[in-house]
Every structure is written in structure tokens, then in C-alpha cells.
Amino acid sequence: MITSDVATAWAERYFSAWKTNDAAEVESLFSENAVYFYGPFRPPARGREEIVRRWTQAAKQTNVQSEYELVAVDGDTAVIRWNVSFDQSGSHIILDGVLIVRFDERGLCREHREWYGERVIPVE
């Protein structure tokens, strides 16, 4: 069972890791055997090592801005609504989504499911 404080602290670290793209920060979020689902139709990353590799090898993002709201906590599960914007490859990208995060007994993510909408604005 997790608390709102644990879920909020995890979310703060999650969005910090998004901004820094630091492998150690990303690693500190997930249990060894975590599964990271990138929406319903893409294959998940399985295991902390693969999660860190896929996260940190993504295309470079600059000017990353984020905000989130803890929507609910029940047992080992938290629901987080989020919004992130960044510049990448000549575009400004805005993502708005929801995370469902299941935690282990140490407060690490063991299952991560995300759904989001994307808006791409070409930068002139």
C-alpha cells in the first residue's frame, strides 16, 4: 500500500528524470523487473535495464516543461495526469496524458502504463 506522499514524490522524480535524461535518475524510479507500457499498441519495455536504455536513447528534447496532478491512490496503484512540452527536431511538442503506476513495497514502479495525446507545432 502506498500513500499520496510516496506517489507524489515518485512523480516529482519521474518528471525530473524526463528533463535531465540521466540514466541513474531513471533507474532509481523502477524495480528490477518493472514493465513499462507505452500505450496499448506498442511493445512494452521489460526490466529496468531495458527501460533505462529505451528512455535515454530517445531523441534529444530541449526546453522541457512539465506539470502533473495526482488523481488517485488505491492500494499499490496511483493515477497521475500530466502535461509535458518540449522542443525536438525543429518542432514544439505538447503531450497530455495519464499514467497508471503500480508500486512495489519499496515505492518503486513495477508496472507503468501511459496514454497520451500529442500536438506537434512546427517551429519556424
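Data block above holds the structure.
Residues numbered from 1 in each chain as written. Predicted model: local features only at pLDDT ≥ 70, side-chain atom pairs only at ≥ 80, totals over all residues. Heavy atoms only, no water.

Peer 1: Before we go on, may I ask you to explain helix α1 (residues 4–20) in this structure?
Peer 2: An ideal rise of 1.5 Å per residue puts 24 Å on 17 residues; α1 measures up with 24 Å between its terminal C-alpha atoms. Of all the residues in α1, the buried ones are Ala 7, Trp 10, Ala 11, Tyr 14, Phe 15, Ala 17 and Trp 18. End-on, the buried residues of α1 take up no more than an arc of 150°, which puts them together on one face. Phi for Asn 21, located one or two positions after α1, is positive at around 55°. (Helix = DSSP H or I, 4+ residues; strand = E, 2+ residues; numbered from the N terminus. Expected span 1.5 Å × (residues − 1). Buried < 20%, exposed > 50% of the residue type's maximum accessible area, 1.4 Å probe, protein only. Arc of directions from axis to C-beta.)

Peer 1: Help me understand the sheet that holds strand β3 (residues 62–74), please; the structure alone is not making it clear to me.
Peer 2: Paired through their backbone hydrogen bonds, the strands of a sheet run either parallel or antiparallel. Across the sheet, which stays open at both edges, the six strands sit in the order β2-β1-β6-β5-β4-β3 with mixed pairing between neighbours. If you trace the sheet from one side to the other, it starts and ends with β2 (45–46) and β3, each paired once. Where strand β1 (residues 30–37) lies against β2, two bridges are found, and the strand directions are antiparallel. Looking at the pairing, Val 35 lines up with Arg 46 of β2. Along the sheet face, α1 touches β1, β3, β4 (77–88), β5 (91–103) and β6 (109–122) and points at about 160° away from the line of β3. Strands β1 and β2 of the sheet are contacted by helix α3 (residues 48–56), whose axis makes an angle of about 55° with β1. (Pairing = 2+ DSSP bridges. Contact = heavy atoms within 4.5 Å. Axes fitted to C-alpha atoms, helices over the stretch in contact; angles between N-to-C directions.)

Peer 1: Could you clarify how one ought to interpret the layout of surface pockets in this entry?
Peer 2: Left-over empty space is what a probe sized like a water molecule reveals as it rolls over the atoms. Taken as a whole, the largest pocket encloses approximately 570 Å³ of empty space. Contributing to the lining of the largest pocket are 23 residues, with Trp 18, Tyr 38, Trp 55, Ala 58 and Gln 61 lying nearest its centre. Elements with a minimum of two residues in the lining of the largest pocket: α1, α3, β4, β5 and β6. The residue makeup of the lining of the largest pocket, split by class, is 14 nonpolar, three polar and six charged. (1 Å grid on protein atoms, 1.4 Å probe; cavity = no way out; pocket = protein on both sides within 12 Å on 5 of 7 lines; lining within 4 Å. Points joined across faces, edges and corners; volume = space filled by probe spheres on them. Nonpolar A, V, L, I, M, F, W, Y, C, P; charged D, E, K, R; others polar.)

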